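Residue-level listing of the chains:
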Amino acid sequence: MSAGEKRKTACVTGGNGYIASTLIRMLLEKGYAVKTTVRNPDDMEKNSHFKGLQELGPLTVLRADLDEEGSFDDAIAGCDYAFLVAAPVNLAAEDQEKELIEPAVRGTLNVMRSCVKAGTVKRVILTSSAAGVYIRPELQGDGHVLGEESWSNVEYLTGNKPPTWVRTAACSPGYCVSKVLLEHEACRFAEEHGISLVTLCPVLTVGAAPATRVRTSVIDSISLLSGDEKGLGVLKGIEKTSGSVQLVHVGDLCRAELFVAEQEHAAAGRYVCCALNTTVVQLARFLAHKYPQYNVKTDFNDDDNNLLEKPRVSLSSAKLIREGFVFEHNTLDEIYDDVVDYGKALGILPN
């Protein structure tokens with residue numbers, strides 16, 4: 001940053017999360033001042049990575065709760081950009097409408113109300129999910145390519161609630177519905193209040209991050225290496241419900257977040273963030289070859305006879321690429337370049 005140049009300030013919600021912690025690091029490295037929110041700043045088990053991040057630049061950690069209107073006011077006050085990354089993921093909820101869907105919509109609007117109060121926010125960047133894009137059971141056959149105009153079929157999800165689906169972020173009916181509804185409500189609110197809103201819909205995210213505790217994404221993406229049957233079930237569930245396994249490196253996702261924030265006059269609307277479409281079978285073969293020490297299973301039994309050899313449906317980031325964004329991790333080798341060391345550091349994989 002040159003002398004006399006004003007430092008830009010960004011708020012990132014949910015700073016102890018996997019994606020948010022990577023985004024914070026990237027913003028600090030680019031000279032931003034960052035304010036981030038967590039529900040409990042005193043929980044050092046979840047927040048220990050903040051100490052290292054604060055060595056990179058000005059990072060302030062504040063308490064806020066998605067369920068509490070006004071609790072984000074201090075965090076967003078004075079910010080140029082607001083990155084809405086935090087989201088409730090109560091996948092075990094018995095009543096997904098009241099315990100997952102409604103809190104997700106309410107929490108998003110609570111943060112956006114704070115953006116209106118701040119009066120300084122140039123753009124809000126909402127992190128949604130490809131789960132709001134790819135649940136389209138009406139698409140039959142092969143060769144489908146889905147982009148930003150595609151929405152998961154809420155009527156199907158609320159009407160069927162398939163009991164065979166694994167309750168995960170990738171294919172929980174309530175989670176998918178929450179992403180569609182919160183996007184619609186956020187767009188409506190932004191239009192009513194004159195907010196510049198851009199939404200990113202990332203796919204399964206892979207790669208190392210500052211966060212020292214992770215939940216679904218990393219665990220699922222290396223389940224073929226760890227032998228975690230539940231995580232492997234998630235990958236199979238994604239493929240079954242969407243027609244492929246879609247991947248992006250967490251570094252590329254966060255670069256995309258910053259890209260759409262700073263393209264003030266170009267970027268608009270919704271963006272799918274997907275670098276590669278593959279299948280469980282293709283992924284297993286790749287990992288078995290790259291990491292032979294993990295004895296990756298590549299011969300799937302009769303129960304898996306519906307697994308695909310190649311993607312039936314693909315997600316496209318053509319819109320993001322047209323705007324000028326370039327993915328740095330385009331192959332399985334690049335996407336998985338640092339995740340094994342990260343898995344070891346987290347204790348998910350043996351050293």
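The following paragraphs examine the structure supplied in this document. (Residues numbered from 1 in each chain as written. Predicted model: local features only at pLDDT ≥ 70, side-chain atom pairs only at ≥ 80, totals over all residues. Heavy atoms only, no water.)

### Focus on the pairing of strand 1 (residues 9–13)
Then, number 1: Burial runs high along strand 1: five of the five residues are buried.
Then, number 2: On strand 1, burial covers both faces: Thr-9, Cys-11 and Thr-13 on one face and Ala-10 and Val-12 on the other are all buried.
Then, number 3: Here strand 1 runs beside strand 2 (residues 33–38); their pairing, made up of five bridges, is parallel. Within strand 2, the position partnered with Ala-10 by the bridge is Val-34.
Then, number 4: Note that the unit made of strand 1, helix 1 (residues 18–29) and strand 2 has a crossover that is right-handed.
Then, number 5: Note: strand 1 against strand 4 (residues 81–84), three bridges, orientation parallel. When the bridges of strand 4 are listed, Cys-11 appears paired with Ala-82. (Buried < 20%, exposed > 50% of the residue type's maximum accessible area, 1.4 Å probe, protein only. Helix = DSSP H or I, 4+ residues; strand = E, 2+ residues; numbered from the N terminus. Pairing = 2+ DSSP bridges. Right-handed = clockwise from strand over helix to strand, strands pointing away.)

### Here we look at the state of the cysteines
Then, number 1: If you walk through the whole model with that rule in mind, you get zero disulfides.
Then, number 2: Between Cys-79, a free cysteine, and Cys-11, which holds the nearest cysteine sulfur, the sulfur-to-sulfur gap is 5.1 Å.
Then, number 3: Accessibility expressed as a relative area gives 0% for Cys-79, which makes it buried. (Disulfide = S-S within 2.5 Å.)

### Some details on empty space enclosed by the protein
Empty space among the atoms can be located by rolling a probe the size of a water molecule over them.
Then, number 1: Counted under the stated rule, the structure contains one cavity of 30 Å³ or more.
Then, number 2: Estimated volume of the largest cavity: approximately 90 Å³.
Then, number 3: Lining the largest cavity are 15 residues, and of these Leu-84, Ala-86, Ala-87, Thr-108 and Leu-126 lie nearest its centre.
Then, number 4: Looking at the lining of the largest cavity, the elements that each hand over two or more residues are helix 5 (96–118), strand 5 (123–127) and helix 7 (173–193).
Then, number 5: If one sorts the elements of the lining of the largest cavity by residue count, helix 5 sits on top with four residues. (1 Å grid on protein atoms, 1.4 Å probe; cavity = no way out; pocket = protein on both sides within 12 Å on 5 of 7 lines; lining within 4 Å. Points joined across faces, edges and corners; volume = space filled by probe spheres on them.)

### Observations regarding the packing of aromatic side chains
Then, number 1: The full count for this structure, using the stated rule, is six aromatic pairs.
Then, number 2: On the basis of an interplanar angle of 20° and a centroid distance of 6.3 Å, the ring pair of Tyr-18 and Tyr-342 is categorised as stacked. A residue pair is termed long-range when its members are at least 10 positions apart, and Tyr-18 in helix 1 and Tyr-342 in helix 15 (residues 339–346) qualify at 324 residues.
Then, number 3: You can call Tyr-18 buried: its relative accessible area is 9%.
Then, number 4: A ring pair is formed by Tyr-291 and Tyr-294, whose centres lie 6.4 Å apart and whose planes are at 75°; its orientation type is edge-to-face. Assigned by exposure class, Tyr-291 and Tyr-294 land together as buried.
Then, number 5: Three or more aromatic residues joined by ring pairs make a cluster, and in this case those are Phe-259, Phe-325 and Phe-327. (Phe/Tyr/Trp six-rings, centres within 6.5 Å; stacked < 30°, edge-to-face > 60°.)

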